[in-house]
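The lines below spell out each chain.
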Amino acid sequence: ADGGDIIKRNFLVLVVEDDATSLKLIHRITEREGLGVHSAVDGVMAVEKAQATPYDIILMDCDLLLNNGFQATREIREWELTYSGGR
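Because the structure is predicted, anything quoted here is derived from the model rather than measured. (Residues numbered from 1 in each chain as written. Predicted model: local features only at pLDDT ≥ 70, side-chain atom pairs only at ≥ 80, totals over all residues. Heavy atoms only, no water.)

Structural notes on the layout of surface pockets
Thinking step 1. A volume near 200 Å³ is recorded for the largest pocket.
Thinking step 2. Among the secondary structure elements, those contributing two or more residues to the lining of the largest pocket are β3 (57-60) and α4 (69-83).
Thinking step 3. Ranked by the residues each element gives to the lining of the largest pocket, the list is headed by α4, at four residues.
Thinking step 4. Taken together, the residues of the lining of the largest pocket break down into five nonpolar, one polar and four charged. (1 Å grid on protein atoms, 1.4 Å probe; cavity = no way out; pocket = protein on both sides within 12 Å on 5 of 7 lines; lining within 4 Å. Points joined across faces, edges and corners; volume = space filled by probe spheres on them. Helix = DSSP H or I, 4+ residues; strand = E, 2+ residues; numbered from the N terminus. Nonpolar A, V, L, I, M, F, W, Y, C, P; charged D, E, K, R; others polar.)

Some words on the nonpolar core
Thinking step 1. Listed in full, the seven residues of the largest apolar core are L12, L14, V16, A40, A46, Y55 and L64.
Thinking step 2. With three residues, the single largest contributor to this core is strand β1 (residues 12-16).
Thinking step 3. Beyond its immediate chain neighbours, meaning those up to four positions away, Y55 contacts L12, V13, L14, H38, K49 and A50.
Thinking step 4. Ranked by size, the runner-up nonpolar core spans five residues in total, among them V13, V15, L23 and V37. (Core = buried A, V, L, I, M, F, W, Y, C linked by side-chain atoms within 4.5 Å. Buried < 20%, exposed > 50% of the residue type's maximum accessible area, 1.4 Å probe, protein only. Contact = heavy atoms within 4.5 Å.)

Observations concerning the sheet that holds β3
Thinking step 1. The strand order across the open sheet built from three strands is β2-β1-β3, with neighbouring strands paired in parallel fashion. Edge strands, defined here as strands with exactly one partner in the open sheet, are β2 (36-40) and β3. Averaged over all neighbouring strand pairs, the angle between strand axes comes to 20°, with direction disregarded.
Thinking step 2. Along the sheet, helix α2 (residues 20-32) makes contact with β1, β2 and β3, crossing β2 at roughly 165°.
Thinking step 3. Of the strands in this sheet, β1, β2 and β3 are in contact with helix α3 (residues 43-52), which crosses β2 at around 140°. (Pairing = 2+ DSSP bridges. Axes fitted to C-alpha atoms, helices over the stretch in contact; angles between N-to-C directions.)

By themselves these figures say nothing about function.
Put into structure tokens, the structure is as follows:
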């Protein structure tokens with residue numbers, strides 16, 4: 001295995017998507033690539049998960065219920081700057 005495989009095994013993605021079909025497709029693609037993947041179906045859940053887990057990348061749908069993707073991203077960024085040193 002090359003170095004890229006080692007990085008992939010430790011790479012954690014949060015997918016925020018409220019469409020079940022799209023979420024399932026993105027899950028399959030990320031898992032097939034050997035990435036760890038968690039999901040959230042709305043902006044509130046995304047913020048909660050991002051505060052609890054240090055994700056390497058967050059794939060955020062912009063048009064979400066309860067807290068749209070733009071607002072959720074702002075909240076996550078503000079929290080990161082305040083509580084996690086800008087991780």
